Amino acid sequence: EAQVTQNPRYLITVTGKKLTVTCSQNMNHEYMSWYRQDPGLGLRQIYYSMNVEVTDKGDVPEGYKVSRKEKRNFPLILESPSPNQTSLYFCASSYRDRDYGYTFGSGTRLTVV
Amino acid sequence: QQQVKQSPQSLIVQKGGISIINCAYENTAFDYFPWYQQFPGKGPALLIAIRPDVSEKKEGRFTISFNKSAKQFSLHIMDSQPGDSATYFCAALKAAGNKLTFGGGTRVLVKP
């Protein structure tokens, strides 16, 4: 089944404790992206990657890091999480230069206390 | 600054009624305008999309109307069903860079 898999689904952590949210896709998509979803703000792009070893900032990159060492994986790293990073996070992937159909993961609900 | 503005934030409609969600965009460099549907606990899923050179697109009970001069587009859900209860996001895509910009979302509740 074609899918984007995120882990974990739920995470509660304390301020300052480094964490990683994993994302993996099995569709051989070139493009991958991370979004955060907050009430009334929709989904805002954090970082994206056009291909392996090519990443760039989205609209709200502060406090986040990403890497793209393999085509299928695109982990999101919070080096020192803060309460304002409490949010619902989605990873998405798509073909580049083909259609506009992003495939989203099921989300990771992160709470930073 | 939100480049895609969506309204209303929430909507209640009776079964069989019409749900209408409106979006306006500011950047004329967008190439595609998709709508996504999101159920609780799930990620958004592509519902229907339109190119800016088309004024209307219909797929089943879902219709997008697009007004390029006004920089507005809307989603109409005809004969709304309880299973349509979800959050709907309009979006705009810049093909260069493949960036998708979302509206704030509309929570639709269809009452039986």
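Residues numbered from 1 in each chain as written. Chains lettered and ligands numbered in written order. Predicted model: local features only at pLDDT ≥ 70, side-chain atom pairs only at ≥ 80, totals over all residues. Heavy atoms only, no water.

Draft legend 1. Looking closely at the pairing of strand S4 (residues 31-38) of chain A. Residues and elements named next belong to chain A. Judged by how many residues are buried, S4 sits mostly within the fold: eight of eight residues are covered. By the alternation rule, side chains of S4 split into Tyr31, Ser33, Tyr35 and Gln37 and Met32, Trp34, Arg36 and Asp38, which are all buried. As paired strands, S4 and strand S9 (residues 87-94) are joined by seven bridges and run antiparallel to one another. Note that in S9 the partner of Gln37 across the bridge is Leu88. Alignment of S4 against strand S5 (residues 42-51), held across seven bridges, turns out to be antiparallel. Residue pairing in the sheet places Tyr35 in a bridge with Gln45 of S5. (Buried < 20%, exposed > 50% of the residue type's maximum accessible area, 1.4 Å probe, protein only. Helix = DSSP H or I, 4+ residues; strand = E, 2+ residues; numbered from the N terminus. Pairing = 2+ DSSP bridges.)

Draft legend 2. Molecular detail of the nonpolar core. Counting 24 residues, the largest nonpolar core has Ile21, Tyr25, Phe33, Trp35, Phe73, Leu75 and Tyr88 of chain B as the members making the most contacts within it. It is strand S9 (residues 86-94) of chain B that contributes the most residues to this core, four residues altogether. Other than its neighbours up to four places away in sequence, Leu75 of chain B contacts Ser19, Ile20, Ile21, Trp35, Leu47, Ile48, Phe62, Thr63, Ile64 and Tyr88 of chain B. Listed in part, the 19 residues of the second largest apolar core include Met32, Tyr47, Phe74 and Tyr89 of chain A. (Core = buried A, V, L, I, M, F, W, Y, C linked by side-chain atoms within 4.5 Å. Contact = heavy atoms within 4.5 Å.)

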